[in-house]
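An overview of the molecular structure
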Amino acid sequence: MRYARDLPGGAYTNAGNSGGAAITLAFAALAGDHSADARLLQQARYTLTGGNDIAANGGYPAQHELQVTGMFATAKLVPPVWHRLRPAERTRVDTLMEASLVASAFTTSDHNPFVLSGGQQYTLDGDRNVNRDWNPNYREGMGGSVLVATAYFGVDRAKEILRTYDHDAFVARLAADGLTNAYGTFTWKAAHPESAAPTGAQIESAVHSWSLHGITLDRVMDLEAQLSENTYGGTVECGLNGTGILMPDGTHAGVIDSGCEGLPNLGRPGMLLEFTSVDAEGQRSSADYAYGGYKPNLITQAVLIANGMWKSGPTADHIVSLMRVGVTDLWYKLDHGYRNYSHARFSGILCSDDPDFGFIYLRSLWNDVVRPYHRIKQRS
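The helix and strand tally for the protein chain stands at 16 helices and nine strands. Compactness check: the protein chain gives a C-alpha radius of gyration of 20 Å against a globular reference of 21 Å for 380 residues, within 12% of the reference. Dimensions of the protein chain, computed from the C-alpha atoms along their principal axes, are close to 60 × 50 × 40 Å. Residues classed as buried in the protein chain amount to 56% of the 380 residues present. Total accessible area on the protein chain stands at roughly 14,700 Å², and carbon and sulfur atoms take up 51% of it.

The subject of this paragraph is the packing of aromatic side chains. Under the definition given, this model contains 16 aromatic pairs. Ring centres 5.2 Å apart and planes at 85 degrees place the aromatic pair W134 and Y138 in the edge-to-face group. On the basis of relative accessible area, W134 is assigned to the partly exposed category, the value being 36%. Each ring, one from Y291 and one from F357, has its centre 6.2 Å from the other, and the planes form 75 degrees; the classification is edge-to-face. Within this pair, whereas Y291 is found in helix α14 (residues 287–306), its partner F357 is found in the loop between β9 (345–350) and α16 (359–373), the two being separated by 66 residues in sequence. By relative accessible area, which is 10% here, F357 ends up buried. The positively charged end of R284 is found above the aromatic ring belonging to Y289, 3.7 Å away from the centroid.

Moving on to the sheet that holds strand β4 (residues 255–256). An order of β4-β8-β9 is seen for the three strands of this open sheet, with the pairing classed as antiparallel. Two strands lie at the open edges of the sheet, namely β4 and β9, each paired on one side alone. Alignment of β4 against strand β8 (residues 338–342), held across two bridges, turns out to be antiparallel. In the strand pairing of β8, V255 is matched with R339.

Looking now at the environment of Y289. Within the secondary structure, Y289 is located in helix α14. For the pair Y289 and D222, spaced 67 residues apart in the sequence, the C-alpha separation amounts to 24 Å. In this structure Y289 touches N137, E274, R284, S342 and H343, once residues within four positions along its chain are discounted.

Look at α16: 20 Å from first C-alpha to last across 15 residues, which is about the 21 Å you get at 1.5 Å a residue. At W366, α16 is deflected by roughly 35 degrees, the largest bend along its length. The set of residues buried in α16 consists of F359, L362, L365, W366, N367, V370 and R371. Of the surrounding secondary structure, the elements contacted by the buried residues of α16 are α1 (21–30), α14, α15 (314–336) and β9.

In the contact formed by helix α3 (residues 62–75) and helix α5 (residues 87–108), the axes pass within 11 Å of each other and the chain directions differ by 140 degrees. Accordingly, the angle class assigned to the pair α3 and α5 is oblique. Viewed along their axes, α3 and α5 form a crossing whose handedness is left-handed. Residues A62, T69, F72 and A73 of α3 pack against V93, L96, M97, S100 and S104 of α5.

A few words on the state of the cysteines. All chains considered together, the criterion is met by one disulfide. C351 forms no disulfide, and the closest cysteine sulfur to it belongs to C238, at a distance of 16 Å.

All right, on to unusual backbone geometry then. A positive phi is found at Y12, a non-glycine position, where the angle reads about 60 degrees. Examined against the element boundaries, Y12 turns out to sit in the segment before α1. Given a relative accessible area of 9%, Y12 falls into the buried group. The phi angle at R375 is positive, at roughly 60 degrees, despite the residue not being glycine. Mapped onto the fold, R375 is located in the segment after α16. For R375, a relative accessible area of 75% corresponds to the exposed category.

Moving on to the pattern of salt bridges. Side chains that differ in sign of charge can pair as their charged atoms come close. Applying the stated criterion to the full structure yields 12 salt bridges. Here D110 and R132 are joined by a salt bridge, their closest N and O atoms 2.8 Å apart. Taken together, the residues span a long stretch of sequence, with D110 in the loop between α5 and α6 (113–117) and R132 in the loop between α6 and α7 (136–153) at a distance of 22 residues. What makes D110 buried here is its relative accessible area of 16%. The class of R132 is buried, set by a relative accessible area of 10%.

Reading the values: rules and limits
- Residues numbered from 1 in each chain as written.
- Predicted model: local features only at pLDDT ≥ 70, side-chain atom pairs only at ≥ 80, totals over all residues.
- Heavy atoms only, no water.
- Helix = DSSP H or I, 4+ residues; strand = E, 2+ residues; numbered from the N terminus.
- Rg over C-alpha atoms; globule rule 2.2 N^0.38 Å.
- Buried < 20%, exposed > 50% of the residue type's maximum accessible area, 1.4 Å probe, protein only.
- Areas by Shrake-Rupley, 256 points an atom, 1.4 Å probe, with all protein chains shown as cover.
- Phe/Tyr/Trp six-rings, centres within 6.5 Å; stacked < 30°, edge-to-face > 60°.
- Lys NZ or Arg CZ within 6 Å of the ring centre and 35° of its normal.
- Pairing = 2+ DSSP bridges.
- Contact = heavy atoms within 4.5 Å.
- Expected span 1.5 Å × (residues − 1).
- Bend = angle between axes of the 7 residues up to and from the residue.
- Axes fitted to C-alpha atoms, helices over the stretch in contact; angles between N-to-C directions.
- Parallel < 35°, antiparallel > 145°, perpendicular 65-115°, else oblique.
- Left-handed = near helix turned anticlockwise from the far one by under 90°.
- Disulfide = S-S within 2.5 Å.
- Salt bridge = Lys/Arg side-chain N within 4 Å of Asp/Glu carboxyl O.

Following this line, the structure appears as structure tokens:
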């Protein structure tokens, strides 16, 4: 899995839908299975090679970058893996994780100049395809990147990184560590002064006193709840308006392909929001997009758990109550096929056996790691 701005599709990666292997390898190692440590280290070193590193622009690609930032935040907990990386390599991981933290802290910050103006928002490389309050894949990617980097550094260190962020000094570190993709992002304004990208001073100002809708890094669980409540913000139904959208050929879209009569949890809160959302053309109901919110949310939560930052209590219980419903609903719909509806048209049937999606990885991360941790019984 690699990252680069010029890869097709706008996700800055060659493994958007198909990704998940890296985080799975890291959790296998954390669980004590070291049979794939060599493969995990191969991916880690590949990611630390300039031209394969994350671009870290703080926008749409952040959801996919969690696959490797989550990998590093988990692998760091496994001494047999972590200490096989050379000191210089671990230094590059620190730099890469700081790039992820700063980029998404900028785009999500209450002090972001574009947010404060109420106008068009921009990423560090001037991309306008961003808004901190758009659909869950954006929110979870950007907010999740802040949380995963915080898990990696610890709350106090992450706060200090943001409070003292010096743009010119960090750019010099990116250059010294050879992280060329991230370097290109953080120097975008300097290289393209005509672009709408933020200046170094604007980035510094936005991150020095970071908060997201008034919530600071001291309140990790509240940040996670804010993201999860939106991601799992729907009420379980078979499709839009109950039966989907009638198409000109007499079929329906935005609805489960079969098995509606057996759908669990009908009428309960917790369905993934992208089964009942909107896009520029109106209503949208898409398993593709629903999975796009589930994936970064699950990775972030798993990393918080592994790093001891998931705290039991009413907030955690509320998140888990939503996921218990929403994840069951997701996989039931994928197992029965979902007739996607987006941009005012039928956009194909997505099933859990689709070879273009890495469902096997993120289904296992739920069933074999996160679900047992929460003591949620698997539905037969």
